[in-house]
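Here's the letter readout for the chains.
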Amino acid sequence: MKKIIQILFLTLLISCSNKSNYNYTIINEDTDRAFNKTRIEIQLKEEISEVDLKNIALEIKDSRDDFDKIWIFYFLPNQEPGNGAWATTHFKPELNVKILGATKEASVKMNTSKVTGEILHSWFENDPMLPNKKYLVKENDKLYMKSIYAKSKLVGDGGEMKEEVFINKLKNGTTRFDYKNNHGEYYLIEKNGNLGLYDDSGKFMEAEKIK
């Protein structure tokens, strides 16, 4: 009986030691034995620090020490692979940690930034590397689309971008907003209230309506 208890205790101890201290989910892994590498995609619950990213990467590396190259891509809630990653931790074979999108502090600053004018509608563009909030604003008898970008590697310190927009009512009942640009881009309020971003090739992004 004593031996059985010892075995059960040892099993429990091993199980606890293998449990991660971090809340993440591996959503995809693509291994290539021929080149001794693996590519992993991970969903996080929220923004975390570079130190935590490093620890997750080392944790994953420990269970895959037979690979020389381990490329790990991280996504925040409601972000899907295909439009860039919020952060990466790559072993090539040395570990390199990069936060490409906004840190938690940068996201808080973006969310609390004030915009001038009468806000008619607002949306959040959950881009992994270029998160921003968009506001349709009436100011000085004109309409503007104001985009507040969070600080990130791609946009530096972030800040506000302002575009004058012009209403274009469509026959299907949706509202299109044109603005001056060289790429045929425009905004379209979808039937669900979200903001579609279009160019000559069609929709390339959709920002979610802020309730």
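Scroll up for the structure.
These notes cover the structure that comes with them.

**Observations regarding the overall build of the protein chain**
No. 1: The helix and strand inventory of the protein chain stands at three helices and 14 strands.
No. 2: Overall size of the protein chain, expressed as C-alpha extent along the three principal axes, is 80 × 40 × 35 Å.
No. 3: When burial is assessed residue by residue, the protein chain has 36% of its 211 residues classed as buried.
No. 4: In the protein chain, 37% of the contacts between residues at least 6 apart in sequence involve partners at least 24 apart.
No. 5: Accessible surface, the protein chain: about 13400 Å² in total, of which carbon and sulfur atoms supply 50%.
No. 6: Of the charged side chains in the protein chain, 32 are positive and 32 negative, and the gap between their average positions amounts to 3 Å.

**Focus on the pattern of salt bridges**
No. 1: Within the structure shown, the criterion is met by 10 salt bridges.
No. 2: For K104, the salt bridge is made with E46, and the minimal N-O distance between the two is 3.3 Å. Of this pair, K104 sits in helix α3 (residues 104–112) while E46 sits in the loop between β2 (37–44) and α2 (50–62), and the two are 58 residues apart along the sequence.
No. 3: By relative accessible area, E46 is classed as partly exposed at 42%.
No. 4: For E125, the salt bridge identified is with K134, shortest N-O distance 3.7 Å. Judged on exposure class, the residue E125 and its partner K134 are both buried.

**Topic: the nonpolar core**
No. 1: Judged by nonpolar contacts, the single largest core of 18 residues is most densely connected at I42, L44, L53, I56, I72, Y74 and W86.
No. 2: Elements with a contribution of two residues or more to this core: β2, α2, β3 (69–75) and β4 (87–91).
No. 3: With four residues, the top contributor of residues to this core is α2.
No. 4: With near-sequence residues (within four places) excluded, I72 lies in contact with I40, I42, A57, I60, A87, T88, T89 and H90.
No. 5: Core analysis: the next-biggest nonpolar cluster, separate from the first, contains 13 residues, L143, M145, F177 and I189 among them.

**A closer look at the environment of N192**
No. 1: As for its placement among the helices and strands, N192 is situated in the loop between β12 (186–189) and β13 (195–199).
No. 2: A distance of 3.5 Å separates polar atoms of two side chains, one belonging to N192 and the other to E206.

**Topic: the sheet that holds strand β5 (residues 95–99)**
No. 1: Judged by pairing direction, the sheet is mixed, and its five strands sit side by side in the order β1-β2-β3-β4-β5 without closing on themselves. At either margin of the open sheet sits one strand with a lone partner, and together these are β1 (24–32) and β5. Within this sheet the neighbouring strands show an average axis-to-axis angle of 15°, counted without direction.
No. 2: Here eight bridges tie β1 to β2, and the two strands are oriented antiparallel to one another. Of the residues in β2, the one forming a bridge with E29 is I40.
No. 3: Sitting on the sheet, α2 is in contact with β1, β2, β3, β4 and β5, with an inclination near 140° to β5.

**Describing the sheet that holds β12**
No. 1: Spatial strand order, β9-β8-β7-β6-β14-β13-β12-β11-β10: nine strands in an open sheet with antiparallel pairing. What marks the edges here is a single partner per strand, and that holds for β9 (159–164) and β10 (166–169). Going from strand to strand, the sheet's axes swing by 30° on average, the running direction of each strand aside.
No. 2: Two strands pair when backbone bridges link them, and strand β11 (residues 175–178) and β12 are joined in this way by four bridges, in the antiparallel orientation. Bridge pairing links T175 to I189 in β12.
No. 3: Packing against the sheet, α3 makes contact with β6 (118–125), β7 (132–139) and β8 (142–149), and its axis sits at approximately 15° to β7.

Reading the values: rules and limits
Residues numbered from 1 in each chain as written. Predicted model: local features only at pLDDT ≥ 70, side-chain atom pairs only at ≥ 80, totals over all residues. Heavy atoms only, no water. Helix = DSSP H or I, 4+ residues; strand = E, 2+ residues; numbered from the N terminus. Buried < 20%, exposed > 50% of the residue type's maximum accessible area, 1.4 Å probe, protein only. Contact = heavy atoms within 4.5 Å. Areas by Shrake-Rupley, 256 points an atom, 1.4 Å probe, with all protein chains shown as cover. Lys, Arg positive; Asp, Glu negative; His and termini not counted. Charge placed at Lys NZ, Arg CZ, Asp CG, Glu CD. Salt bridge = Lys/Arg side-chain N within 4 Å of Asp/Glu carboxyl O. Core = buried A, V, L, I, M, F, W, Y, C linked by side-chain atoms within 4.5 Å. Polar contact = N/O pair within 3.5 Å; in protein donor to acceptor, adjacent residues only side chain to side chain. Pairing = 2+ DSSP bridges. Axes fitted to C-alpha atoms, helices over the stretch in contact; angles between N-to-C directions.

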